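Structural features, examined
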Amino acid sequence: MKGKKKYGKHRSKHTINFYSDKNRCHVWCESFLERKYALHCEFDESVVCYTTQPEYFSVFGKRYTPDFLVCYQSGHAEYVEVKHTSYMRDDFFQKHKHRKRSIYEMTKLDLILVSEQDFNGVESQNYELLNPYKQIDTTELLTDIKLFPKRLTFSKFEKAIEKLSGATKAHAWALVAKHHYRFDVFRPFDADSMLMRA
């Protein structure tokens, strides 16, 4: 296991800057699929924190860097390789098998494989829609929303939030993004979405 290398601005791989509200910092993803995985980590309440390209390992004399290291509420942690299925050929699976075994021997942590098939399109779209609102501070509203109905549509929720002092529709979106109200993430999120207070 080696330390994470510091890259300058001439790094050869394409990188995507993604702000992680969960980590309170920017993280760098090397593909749009990696960014999608990071987005799902943001909304996965079992995830405490994660990092991209965390460190590199020497596997049979070749350097390998996992895409993510994810830490969970349970205390469990694991490395993640994010790869499109179009790149998953026999030689890739053979390499992955060696990497998985070597990393476990060195760290006692698993290396799991994630592809585009592990994401639900509607769920991802909902997270994209809500993610910009995660940075809005909703602390002062948490007492007030306890007086709201446990179940109501998002349109009614927006109207109720707007009646609170200093609150806007954006705060309604932020409260949903921060899981204070839940909805069926596998259905498109809109004004008619039914919310349930957490």
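Look up: the structure comes first, before these words.
Notes on the structure follow.

The rules we used
Residues numbered from 1 in each chain as written. Predicted model: local features only at pLDDT ≥ 70, side-chain atom pairs only at ≥ 80, totals over all residues. Heavy atoms only, no water. Helix = DSSP H or I, 4+ residues; strand = E, 2+ residues; numbered from the N terminus. Contact = heavy atoms within 4.5 Å. Areas by Shrake-Rupley, 256 points an atom, 1.4 Å probe, with all protein chains shown as cover. Pairing = 2+ DSSP bridges. Axes fitted to C-alpha atoms, helices over the stretch in contact; angles between N-to-C directions. Core = buried A, V, L, I, M, F, W, Y, C linked by side-chain atoms within 4.5 Å. Buried < 20%, exposed > 50% of the residue type's maximum accessible area, 1.4 Å probe, protein only. Salt bridge = Lys/Arg side-chain N within 4 Å of Asp/Glu carboxyl O. Phe/Tyr/Trp six-rings, centres within 6.5 Å; stacked < 30°, edge-to-face > 60°. Lys NZ or Arg CZ within 6 Å of the ring centre and 35° of its normal.

Quick notes on the overall build of the protein
In terms of regular secondary structure, the protein is built from five helices and eleven strands. When the backbone C-alpha atoms are referred to their principal axes, the protein occupies close to 65 × 35 × 30 Å. The long-range fraction of contacts in the protein, counting pairs at least 24 apart against all pairs at least 6 apart in sequence, stands at 57%. As displayed, the protein has an accessible area near 11800 Å², and 51% of this comes from carbon and sulfur atoms.

Details of the sheet that holds strand 3 (residues 47-52)
Read from one edge to the other, the open sheet built from four strands follows the order 3-6-7-8, with strand pairing classed as mixed. Across the chains shown, the open sheet's two edge strands, defined by having one partner strand only, are strand 3 and strand 8 (110-114). Within this sheet the neighbouring strands show an average axis-to-axis angle of 30°, counted without direction. Taken together, the five bridges between strand 7 (residues 77-82) and strand 8 define a ladder with parallel strand orientation. For V82, the partnering residue across the bridge sits in strand 8 and is V114. Against the sheet, helix 1 (residues 32-43) contacts strand 3, strand 6 (68-72), strand 7 and strand 8, and its axis sits at roughly 10° relative to strand 6. Across the sheet, helix 2 (residues 90-107) is in contact with strand 7 and strand 8; its angle to strand 8 comes to roughly 150°.

A closer look at the sheet that holds strand 10 (residues 181-182)
Note on sheets: strands pair through backbone hydrogen bonds, and any given pair is parallel or antiparallel. With respect to topology, three strands assemble into an open sheet ordered 9-11-10, the strand pairing being antiparallel. One side of each edge strand has no neighbouring strand; the edge strands of this open sheet are strand 9 (151-153) and strand 10. Strand direction decides the pairing type here: strand 10 and strand 11 (residues 194-197), joined by two bridges, are antiparallel. Bridged to R182 within strand 11 is M196. Those strands touched by helix 4 (residues 154-162) are strand 9, strand 10 and strand 11, and its axis lies near 95° from that of strand 9.

A closer look at the environment of F18
Positionally, F18 belongs in strand 1 (residues 16-20). Considered as a pair, F18 and R35 are 17 residues apart in the sequence and their alpha carbons are 7.1 Å apart. Contacts of F18, omitting those with residues within four sequence positions, involve C25, H26, V27, C29, R35, A38, L39, E42, Y50 and N131.

Side note on the nonpolar core
If you look at the biggest cluster of nonpolar residues, it comprises 40 residues, and the most contacted ones within it are Y37, Y50, V70, F157, I161 and V176. For this core, the leading source of residues is helix 1, giving six residues. Here F157 is in contact with F148, L152, A172, L175, V176, Y181 and L195, once residues within four sequence places are set aside. Grouped together as the second largest cluster of nonpolar side chains are eight residues, V59, Y64, Y79 and L111 included.

Thoughts on the pattern of salt bridges
In this structure the tally under the stated criterion is five salt bridges. With a shortest N-O distance of 2.4 Å, E45 and R182 are connected by a salt bridge. Here the residue E45 occupies a position in the loop between helix 1 and strand 3, and R182 occupies one in strand 10, the gap between them amounting to 137 residues. Of the residues examined, R182 reaches a relative accessible area of 37% and is grouped as partly exposed.

So, the packing of aromatic side chains
Per the stated rule, a full pass over the model turns up 13 aromatic pairs. A ring pair is formed by Y37 and F68, whose centres lie 4.8 Å apart and whose planes are at 65°; its orientation type is edge-to-face. On the criterion of sequence distance, the pair formed by Y37 in helix 1 and F68 in strand 6 is long-range, its members being 31 residues apart. Residue classification places Y37 among the buried residues on the basis of a relative accessible area of 9%. Exposure remark for F68: the relative accessible area of 0% places this residue in the buried category. With 4.7 Å between their ring centres and 55° between their planes, F154 and F189 make a pair best called tilted. Placement of F154 in helix 4 and of F189 in the loop between strand 10 and strand 11 is noted, with a sequence separation of 35 residues between them. For the pair F154 and F189, a shared accessibility class is recorded, and that class is buried. The ring of Y56 carries the charged tip of R63 above its face, separated from the ring centre by 3.9 Å.

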